[in-house]
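Coordinates in review
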Amino acid sequence: MISLPIQHIPVPMFLLNKDNEIIEFTPSVTKNFPPVQNFLDLVDEDSQEKVKRALQGKEEVQIEVNMRTFSNPVALLIFILSLKPIIRCTLFSAILFTSI
């Protein structure tokens, strides 16, 4: 498996700690999302519980989530949560997004 540094990943991706604080992100995040410290601050109120359950789960999931972006106050995105360990630290979750 080839591993890319996060700055070379072309899609929005967040690395979170166990408290859902954003530790690292791809460059496309700064073009699409307002700056926040906690990932859940980007999630629309109606999607918060669904995202919290996914983040607390033990398996990979793919769900639709409403999130705040620069271009839309509520954008529907595909949320892909990967619980695979990141080489530097196993506390991170990787979250990738694609627009619908």
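Placed above this text is the structure.
To start, this report covers the structure provided alongside it. (Residues numbered from 1 in each chain as written. Predicted model: local features only at pLDDT ≥ 70, side-chain atom pairs only at ≥ 80, totals over all residues. Heavy atoms only, no water.)

1. Here we look at the overall build of the protein chain
Scanning the protein chain for helices and strands turns up two helices and five strands. Along its sequence from the N terminus, the protein chain presents helices and strands in the succession β-β-α-α-β-β-β. In the protein chain, once contacts between residues fewer than 6 apart in sequence are set aside, the share between residues at least 24 apart is 37%. (Helix = DSSP H or I, 4+ residues; strand = E, 2+ residues; numbered from the N terminus. Contact = heavy atoms within 4.5 Å.)

2. As for the side chain of Asn17
Along the chain, Asn17 falls in the loop between strand E1 (13–16) and strand E2 (22–25). Overall, the relative accessible area of 15% leaves Asn17 in the buried class. One polar contact links the side chain of Asn17 to the main-chain amide nitrogen of Asp19, over a distance of 2.8 Å. At 2.8 Å, the side chain of Asn17 and the side chain of Glu21 are in polar contact. (Buried < 20%, exposed > 50% of the residue type's maximum accessible area, 1.4 Å probe, protein only. Polar contact = N/O pair within 3.5 Å; in protein donor to acceptor, adjacent residues only side chain to side chain.)

3. Notes on the environment of Asp46
Along the chain, the position of Asp46 falls in the loop between helix H1 (27–32) and helix H2 (48–56). In sequence terms Asp46 and Val65 are 19 residues apart; their C-alpha atoms lie 8.8 Å from each other.

4. Observations regarding the packing of aromatic side chains
The tally for this structure, following the rule as stated, stands at three aromatic pairs. Note on Phe14 and Phe39: the rings are 5.2 Å apart at their centroids and 65° apart in plane angle, and the pair reads as edge-to-face. Taken together, the residues Phe14 in strand E1 and Phe39 in the loop between H1 and H2 connect sequence positions 25 residues apart. Phe14 gets classed as buried once you look at its relative accessible area, which sits at 1%. Given a relative accessible area of 0%, Phe39 falls into the buried group. (Phe/Tyr/Trp six-rings, centres within 6.5 Å; stacked < 30°, edge-to-face > 60°.)

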